[in-house]
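# Observations on chain architecture
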Amino acid sequence: MRSPGTLLVLFLLPTTLAFKQSDFKTCSQSGFCRRGRALAARAQESPSSWRSPYSIEPPKLNPHEPGFTTNVHSSIHPSVEFVLDVIIHEEGIVRVRMDEKNGLRKRYNEAAQWALIGEPLSSDDVLWTINREKAKAVYGPKKDMELVVDFNPLKITLFQGGMEQHFRTKESSQPAEHIEGEGQSVLQVNPATWFEGDTQDAFWDETFSTWTDTKPKGPESLSLDITFPNHAHVYGIPQHATNLSLPSTTGPTARYTDPFRLYNADVFEYLSDSPTSLYGSIPLMHAHSAKSTVAVFNALASETWIDIAHVEKGGVQTHWISESGILDVFLLPGPTPTDVFTQYAHLTGTAPLPAHWSLGYHQCRWNYVSSDDVRGVQNRFDEDDFPVDVFWLDIEYAEDHRYFMWNKKTFPDPVEMTKDVEAVERKMVIIVDPHLKRANDYPVYKRASELGVLVKPKSGEGEYEGWCWPGSSSWIDFFHPASWDFWISLFKTKTIDDQWSWTESTDSVGIWNDMNEPSVFNGPEITMPKDNVHYGGWEHRDVHNINGMLFANHTFQAAEARTDPPRRPFVLTRAFYAGSQRFGAMWTGDNLGTWEHMAVGIKMVLANGIGGMPFAGSDVGGFFGNPEPEMLVRWYVVGAFSPFFRAHAHIDTKRREPYLLEEPYKSLVRDILKLRYSMLPVWYTAFRETSESGVPILRPQYVMFPEDEAGFGIDDQYYVGSSGLLVKPVTQKGVKEVSVYIAEDQVYYDYFTNHAHRPKNRYITLPANLDQIPLLIRGGSIISTRERPRRSSPLMKYDPFTLRIALDTSGNAHGEVYLDDGETYEYGRGDVVWRGFGAESMKGKGKGIGMVRISSVDLAARTEVGAYQPENEFARSVGDVRVEKLVVLGLGKKPLSVVLDGGRELEWEFVSDGGVLVVKDPAVRVVDDWAVVVKLE
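Residues numbered from 1 in each chain as written. Predicted model: local features only at pLDDT ≥ 70, side-chain atom pairs only at ≥ 80, totals over all residues. Heavy atoms only, no water.

Turning to the overall build of the chain, a few remarks are in order. When you go through the chain residue by residue, the secondary structure sums to 14 helices and 51 strands. Computed over C-alpha atoms, the radius of gyration of the chain comes to 29 Å, within 12% of the 30 Å expected from 2.2 N^0.38 for 937 residues, which places it in the range of a compact globule. Across its three principal axes, the chain shows a C-alpha extent of roughly 85 × 75 × 55 Å. Taking all 937 residues of the chain together, 65% fall into the buried category. Surface exposure of the chain reaches about 33,900 Å², of which carbon and sulfur atoms provide 48%. Of the side-chain charges in the chain, 94 are positive and 124 negative, and the distance between the mean point of each set is 3 Å. (Helix = DSSP H or I, 4+ residues; strand = E, 2+ residues; numbered from the N terminus. Rg over C-alpha atoms; globule rule 2.2 N^0.38 Å. Buried < 20%, exposed > 50% of the residue type's maximum accessible area, 1.4 Å probe, protein only. Areas by Shrake-Rupley, 256 points an atom, 1.4 Å probe, with all protein chains shown as cover. Lys, Arg positive; Asp, Glu negative; His and termini not counted. Charge placed at Lys NZ, Arg CZ, Asp CG, Glu CD.)

Spelled out as structure tokens, the structure:
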């Protein structure tokens, strides 16, 4: 089959170590990438030598329809037809979808179905006009957005801001270039690379190392050119070990020689600075300038390469090359970072509220070797006063690596062991990998084989056999509907209908899904052959990047279904795709115990947040190696300020549980863990916000201050949700102080000393010795903490709160805290406590502040939170929880009095150095409305 590729030009303008490169392809070794890159180069070299051969039939439009469907014709390839869909959705999102019509074989067109939470709603506020040359739609609340579709040649342009956008072709530049205007031109078809070239380069088969990939459907690759002429920074497309603001891969400023690759892969000891594909793929890119933020979501599941070129005029050109599938592009118009996050969340969903315990500290290694080992580790944590919530078991718990089945020589009493951990309100997380040992005495494999739900080889018959931890293995095909109920049944802790299930488990066990790219030790690029066959006859090449997501998604649903009513499960996945955020957490994979990997782990977690998957972290200490104590202490700080906080280590490393450290390192790590536990209200409240809005938990500078150009490339400091906490972890050896960038004329307070910093020249210098954490509170924030860390987070449920009230330069502040039972879904019915705290200053007789009123209000009553009632069951259960301390930062002078509004005088003390007021035990309940009045005159 000769199938032309597709090239669409999108213009978005404002209103070393053990890594073996030989195991993985470069672009020059990938036939379709090699062709696509060459085609793009030819197009750029000869921009004036073509005229678009593509046209569409003028659509029959009702003026108020959201879009249209029509045929695309080519004067070069008249026998090849495509169908074009253009739809305007709510929030101004434009979907452009193009599929081949009457091709030799159907292209894979289901990627978006797995990523989206449902079909997006079409806009009902569109007005189309049409003439012989073009169709034009005007829409948006302000009627300031305009979509123009030219028929011959085909061109699709989006305007924003009510101003016209012009394009022209000129020599020595890209085929289409922005010339003037403040509108937003989003889509223009460029046919210069809509063909595969004259040479049949790897059309029907392709060899890499010892593997040959047959291609029964022939070439199906498509290319997509996306240009951001006025946006100098692009972010996203995780997962890569690189800067948050993505560097160039082509052109004079290229940092790398290869494009960024999206192809889920098991990359052993990956490099800390590379465009190499890693474990997950989210084809979402944000582009940002001081004037606007826009994004493109390219819903493809096949291998994709993305070239990035930063151009002289401050724009970015990107070129996307995908192996198979259809064109299915969502244009997210912004215009702010928050708008883009919300638009993407409305398409693919948000991260749900996790189980509260999963925000605590997780202790893992490959492997805790026995039941007694697990009990011994737990005892040492208690004896040495280290809080911890979760203990993990890696693959060696399973007999012959047959997951769900215990090695009874080392784990003779798995249920009793698990219950011993749960007895002190802790949890176990146990690994379940996707490869199944091919053995008829392994009930999981045997049943899957009988059901016919295993991935098939290229013949489409039988079962694919590869090699992984158990040796000869097969893989469940989670695209097969019959696999779904089967997988759910395995996690039942009681036998149902005489079917084997994991009865030697408990309903509270969390699940770790590793190796789900999938990793195949004897496969090409350590993964599954592309010509394997999945349900529906689709080749693995078509669905590769979705494969791992489905494994974790169905594990989440299986764990959730263990109880009735369901409880929130915890699932950790290594492989992921757009939409994976709906089903659990991820980590950055097999990192090394180096300073470089510690630093890039922060950037990777930030990038995952941009990609819509905020519940993320990197393994503390690195999976490989034996980090020195200084590095380990610094890494614990990184972990403590990550959404997912786990220490993990390879089987060949020395034991490095924190209680094994010598002093002073042991005490330093203990203090870091206790700090994390005291801040769990901050983290849980941040998760509530992201579960509603999609705005990430860790927020880089450009998200917080989208108009401040100096912060757009900063990725070594970040804010925690809307809390006002700004942290800059130390990721270099021997550091004694750090410089923190401040984007605003605002006071910031040292979290530990309460010292007020008023930045000059945008920077604050903070001491950063090993026992110091560069952590600031933004003026205008109120931080809620619990200052009595216990050995596990559920034991803190009834502990009192401390409020740090950091007054801004105007003497005001605000914050919030969100609470629920942390386990069930009753919060959806209104069983919550959600309080807003405020500090409002009133002027005195002179220039200063005369009074500060600190208050608590019920935020849940002001929003739609289920069938919320203030006296709901959960609120009653924590009705005696009080606020035990108020710490007010930034008072200019000593108060005359501090009283409970309408009531008694409170006990307080004032430290004039820094203007810190401490109100001791105001005896107010966290569930109540109350106010404390601080009189200064």
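Enumeration according to the criterion identifies one disulfide in this entry. There is a disulfide in this structure between C27 and C33, and the S-S distance comes to 2.0 Å. Its S-S torsion of about -100° marks the bond between C27 and C33 as left-handed, since a negative value means left-handed. Judged on exposure class, the residue C27 and its partner C33 are both buried. The thiol of C364 is not disulfide-bonded; the next cysteine sulfur, from C468, is found 17 Å away. (Disulfide = S-S within 2.5 Å.)

Attention now goes to the packing of helix α6 (residues 443-451) against helix α7 (residues 482-490). One can describe the packing of α6 onto α7 by two numbers: an axis separation of 11 Å at closest approach and a directional angle of 160°. The pairing of α6 with α7 is recorded here as roughly antiparallel in orientation. When the axes of α6 and α7 are compared, the crossing they make is right-handed. For the pair α6 and α7, contact is made by V444, R447, A448 and L451 and by A482, F486 and L490, respectively. Of the residues in the contact of α6 with α7, the class split is six nonpolar, no polar and one charged. (Axes fitted to C-alpha atoms, helices over the stretch in contact; angles between N-to-C directions. Parallel < 35°, antiparallel > 145°, perpendicular 65-115°, else oblique. Left-handed = near helix turned anticlockwise from the far one by under 90°. Contact = heavy atoms within 4.5 Å. Nonpolar A, V, L, I, M, F, W, Y, C, P; charged D, E, K, R; others polar.)

Let's shift gears to the pairing of strand β42 (residues 781-785). Along β42, five of the five residues are buried, which leaves the element largely enclosed by surrounding structure. Of the two faces of β42, the one lined by S781, I783 and T785 and the one lined by I782 and S784 are each fully buried. With five bridges connecting them, β42 and strand β43 (residues 801-806) associate as antiparallel partners. Looking at the pairing, S784 lines up with L803 of β43. (Pairing = 2+ DSSP bridges.)

Consecutive residues of a regular strand have side chains that alternate between opposite faces of the sheet. Burial analysis of strand β3 (residues 67-74) places six of its eight residues in the buried class, the great majority of the element. With three bridges joining them, strand β2 (residues 54-56) and β3 adopt antiparallel strand pairing. Looking at the pairing, Y54 lines up with S74 of β3. Note that β3 and strand β4 (residues 81-88) share six bridges and pair antiparallel. Of the residues in β4, the one forming a bridge with F68 is V86. In sequence, β3 turns back onto β4 through a hairpin of six residues.

So, about the sheet that holds strand β31 (residues 585-587). With respect to topology, eight strands assemble into an open sheet ordered β32-β31-β30-β29-β25-β24-β23-β33, the strand pairing being parallel. The sheet is open, and its two edges are formed by β32 (616-617) and β33 (646-647), each paired on a single side. In the packing of helix α4 (residues 371-383) onto the sheet, the strands contacted are β23 (362-363), β24 (390-393) and β25 (427-431), and the crossing angle to β24 comes to about 155°. With respect to the sheet, helix α5 (residues 414-422) is in contact with β24 and β25, its orientation differing from that of β25 by roughly 135°.

Let us look at the nonpolar core. Counting residues in hydrophobic clusters, the biggest one holds 197 residues, and the most contacted among them are Y397 and F641. Here Y397 is in contact with N367, Y403, F404, M405, W406, N407, F411, I430, I431, V432 and W502, once residues within four sequence places are set aside. In terms of nonpolar packing, the next biggest core, distinct from the first, is built from 47 residues, Y54, A137, I306 and L331 among them. (Core = buried A, V, L, I, M, F, W, Y, C linked by side-chain atoms within 4.5 Å.)

Moving on to a nonpolar patch on the surface. Taken together, W467, W469 and F521 make up a surface patch of nonpolar side chains, about 300 Å² in accessible area. In this structure, W467 sits in strand β27 (residues 466-468). (Patch = residues over 30% accessible without salt bridge, like charges linked within 9 Å, V, L, I, M, F, W, Y side chains within 5 Å. Salt bridge = Lys/Arg side-chain N within 4 Å of Asp/Glu carboxyl O.)

Looking now at the packing of α4 against α5. Axis separation between α4 and α5 bottoms out at 10 Å; the angle between their running directions is 10°. Between α4 and α5, the angle falls in the class roughly parallel. Contacts between α4 and α5 involve S371, V374, R375 and Q378 from the first element and E416, M417, D420 and V421 from the second. Its residues assigned to classes, the contact of α4 with α5 comprises three nonpolar, two polar and three charged.

On to the pattern of salt bridges. As enumerated under the stated definition, the model contains 59 salt bridges in all. In this structure, E399 engages R402 in a salt bridge whose closest nitrogen and oxygen atoms are separated by 3.2 Å. The salt bridge involving R778 is made with E744; its shortest N-O contact spans 2.7 Å. Note that R778 is positioned in strand β41 (residues 775-778) and E744 in the loop between β37 (737-741) and β38 (748-750), a separation of 34 residues in sequence. Taking the relative accessible area as the measure of exposure, E744 reaches 17% and is therefore buried. Linked through salt bridges whose partners overlap, the residues forming this network are D213, R261, E303, E323, E525, K530, E539 and R541.

This part takes up the confidence of the model for the chain. Overall, the prediction assigns the chain a mean pLDDT of 91, with 93% of residues at 70 or greater. Across residues 1-17 the pLDDT falls below 50, and counting only partners more than four positions away or on other chains, this stretch makes 113 contacts in the model. Across residues 162-196 the pLDDT falls below 50, and counting only partners more than four positions away or on other chains, this stretch makes 135 contacts in the model. (pLDDT = per-residue confidence, 0-100.)

What follows concerns the environment of G822. Along the polypeptide, G822 turns up in the loop between β44 (813-819) and β45 (833-843). Distance from G822 to A710, taken between C-alpha atoms, is 39 Å for residues 112 residues apart in sequence.

In a beta sheet, neighbouring strands are held together by backbone hydrogen bonds and run either parallel or antiparallel to one another. Here we have eight strands laid out as an open sheet, ordered β2-β3-β4-β5-β22-β19-β18-β16, and antiparallel in their pairing. Each having just a single partner strand, β2 and β16 (233-236) make up the two edges of the open sheet. Across the sheet, the axes of successive neighbouring strands diverge by a mean angle of 20°, strand direction being ignored.

On to helix α1 (residues 31-45). Spanning 15 residues, α1 covers 21 Å between terminal C-alpha atoms, matching the ideal 21 Å at 1.5 Å per step. All of the buried residues in α1 are G31, F32, C33, R35, G36, L39, A40 and A43. As for α1, its buried residues are in contact with β13 (205-208), β15 (222-228), β20 (304-310) and β21 (316-322). (Expected span 1.5 Å × (residues − 1).)

Another aspect to go through is unusual backbone geometry. Here the amide bond leading from G334 into P335 is cis, since omega sits at 15°, within 30 degrees of zero. Omega for the peptide link from D564 to P565 comes to 5°, which places this bond in the cis form. Positioned with a positive phi, D400 is a non-glycine residue whose angle comes to about 55°. Position of D400 among the secondary structure elements: in the loop between β24 and α5.

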